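Analysis of the macromolecular model
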Amino acid sequence: MKFTKYHALGNDYLVINPQELASELTRKAITLLCHRNFGVGSDGLLLGPLKSMRCDFGLKIFNPDGSEAEKSGNGLRIFARWLWDEGRVGTKPFSVETDGGIVSCTVEDDGRNVTVEMGEVIFERINETIAVEDQVMTICTASVGNPHCVVLSELPTAALAQKYGPIIEVDPLFPNRTNVQFIRVIDRNTIQLEIWERGAGYTLASGSSSTAAAAVAYKLGLCDPDITVQMVGGEIEIELNEAFLATMRGPVIKVCNGVIADEMFETLVTIQQHPHCGRSGRLE
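Since the structure is predicted, the reported quantities are computational estimates derived from the model, not experimental observations.

Observations regarding the overall build of the protein chain
For the protein chain, the helix and strand inventory stands at 5 helices and 18 strands. Over its C-alpha atoms the protein chain spans a radius of gyration of 18 Å, differing by no more than 12% from the 19 Å that the globule rule assigns to 284 residues. Oriented by its inertia axes, the alpha-carbon framework of the protein chain measures out at about 50 × 50 × 30 Å. Looking at the 284 residues of the protein chain, the share that counts as buried comes to 54%. When contacts within the protein chain are restricted to residue pairs at least 6 apart in sequence, long-range pairs at least 24 apart make up 62% of them. Counting 25 positive and 37 negative side-chain charges, the protein chain places the averaged centre of each group 3 Å from the other.

Below, the structure is given as structure tokens:
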């Protein structure tokens, strides 16, 4: 089975063409493929192109725990770059259907950057407080086709995200779990994020998280509509209009092409039964 690996600011995905599949891609198989010790290793898997009645291309997005994600900003940029590398698209905009809605993508700079029209950001809770173990946190929740909980923080750190992110992810407020962003507003056009992704854990960057967090900052009047989002992996540019339609622009880097050996799947049951294997399929 062939694959191509890319990363978008350190957030890496495997792209697999469904025509490469000899059988159904199961949840256990996805977990193994994304495993950094027993598989190829990635923050998720993109299955496409799929047929779409409404768009140029369809796409399925999977988290490293095998669950399905409705939308991924970094994943969409990576998929757009793969389409460009395969000669399926040029420099004109094209549409992609995800479970989280339809987006328009444009590949730029010889594939090095991609702009994605992410759609409307929908707000649910604004400046509510929740108790998270020993902390009371102010949160805002928003959907970009997938759920996000934005936590206002004076000093977001990796340790903060890793401690409280997994707790908030499964809070009863979020029956389908949620992505979590810890945000600091630096100035009218810049925010800093630390990210805990649903089904993936701590990640260096996230396109949909950047979109949701930037929209919240704009909604609260803390930022102007053009916002640079700073993350551990790098920066993404978010542009919003008065209707909270969001456009995201960021880089994509190709890592490699490869072929997955059949014998890799022989370890699948062993990994699933390992006593220290966590939800994401990584050994903890």
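Things to note about the nonpolar core
Core analysis: the largest hydrophobic core is formed by 53 residues, its most contacted members being Phe94 and Ile191. With residues near it in sequence (within four places) discarded, Phe94 still touches Asp56, Phe57, Ala80, Leu83, Val89, Val103, Ser104, Cys105 and Val107.

Points about helix H3 (residues 158-169)
Along an α-helix, a turn takes 3.6 residues, which lines up residues three or four apart on a common side. Counted at 1.5 Å a residue, the expected span for H3 with its 12 residues is 16 Å, and the 16 Å between its end C-alpha atoms agrees. The complete set of buried residues in H3 reads Ala161, Tyr164, Gly165, Ile168 and Glu169. Viewed end-on, H3 has its buried residues packed into an arc of 135°, placing them on one side of the element. Close packing links the buried residues of H3 with strand E9 (122-132), strand E10 (135-143), strand E11 (147-152), strand E12 (179-187), strand E13 (190-197) and strand E14 (201-203).

Let's talk about the pattern of salt bridges
Counted by the stated rule, this structure contains 15 salt bridges. A salt bridge links Arg27 to Asp65, with the shortest nitrogen-to-oxygen separation between them at 4.0 Å. Placement of the pair is Arg27 in helix H1 (residues 27-34) and Asp65 in the loop between strand E4 (57-62) and strand E5 (68-69), with a sequence separation of 38 residues. The residue Asp43 makes a salt bridge to Arg36 at a minimum N-O spacing of 3.2 Å. The class of Asp43 is buried, set by a relative accessible area of 7%. For Arg36, a relative accessible area of 41% puts it in the partly exposed group.

Structural notes on the packing of aromatic side chains
The geometry of an aromatic ring pair is captured by two quantities: the separation of the ring centres and the angle between the planes. Across all of its chains, the model carries 5 aromatic pairs by this definition. Here the aromatic rings of Phe57 and Phe79 are separated by 6.5 Å at their centres, their planes lie at 85°, and the arrangement is edge-to-face. Of this pair, Phe57 sits in strand E4 while Phe79 sits in helix H2 (residues 73-85), and the two are 22 residues apart along the sequence. For Phe57, a relative accessible area of 12% gives the class buried. For Phe79, a relative accessible area of 0% puts it in the buried group. Between Phe123 and Phe244, the aromatic rings sit 5.0 Å apart at their centres with planes inclined by 85°, giving edge-to-face as the arrangement. You can see Phe123 sitting in strand E9 and its partner Phe244 sitting in the loop between strand E16 (234-240) and strand E17 (245-251), a full 121 residues away along the chain. Aromatic rings pair up to connect Phe57, Phe79, Trp82 and Phe94 into one cluster.

Notes on unusual backbone geometry
Here the bond from Gly48 into Pro49 is cis, since omega is 5°, no more than 30 degrees from zero. Position of Pro49 relative to the elements: it lies in strand E3 (residues 45-50). A positive phi angle, close to 65°, is found at Arg177, a residue other than glycine. Here Arg177 lies in the loop between H3 and E12. A positive phi angle, near 60°, is found at Phe244, a position not held by glycine.

Remarks on the environment of Phe265
For Phe265, the location among the structural elements is in the loop between strand E18 (253-259) and helix H5 (268-273). Each C-alpha atom of the pair Phe265 and Asp171 lies 34 Å from the other, and the pair is 94 residues apart in sequence. When sequence neighbours within four positions are dropped, the list of residues in contact with Phe265 reads Met1, Ala29, Leu32, Leu33 and Ile260.

Details of H2
Taking 1.5 Å per residue as the helical rise, H2 with its 13 residues ought to reach 18 Å, and the 18 Å between its terminal C-alpha atoms agrees with that figure. For H2, the tally of buried residues reaches 11 of 13 residues, placing the bulk of the element in the interior. Turning to H2, its buried residues are Gly73, Asn74, Gly75, Leu76, Arg77, Ile78, Phe79, Ala80, Arg81, Trp82 and Leu83. Once H2 ends, the next one or two residues include Gly87, with phi positive near 75°.

What counts and what doesn't
- Residues numbered from 1 in each chain as written.
- Predicted model: local features only at pLDDT ≥ 70, side-chain atom pairs only at ≥ 80, totals over all residues.
- Heavy atoms only, no water.
- Helix = DSSP H or I, 4+ residues; strand = E, 2+ residues; numbered from the N terminus.
- Rg over C-alpha atoms; globule rule 2.2 N^0.38 Å.
- Buried < 20%, exposed > 50% of the residue type's maximum accessible area, 1.4 Å probe, protein only.
- Contact = heavy atoms within 4.5 Å.
- Lys, Arg positive; Asp, Glu negative; His and termini not counted.
- Charge placed at Lys NZ, Arg CZ, Asp CG, Glu CD.
- Core = buried A, V, L, I, M, F, W, Y, C linked by side-chain atoms within 4.5 Å.
- Expected span 1.5 Å × (residues − 1).
- Arc of directions from axis to C-beta.
- Salt bridge = Lys/Arg side-chain N within 4 Å of Asp/Glu carboxyl O.
- Phe/Tyr/Trp six-rings, centres within 6.5 Å; stacked < 30°, edge-to-face > 60°.

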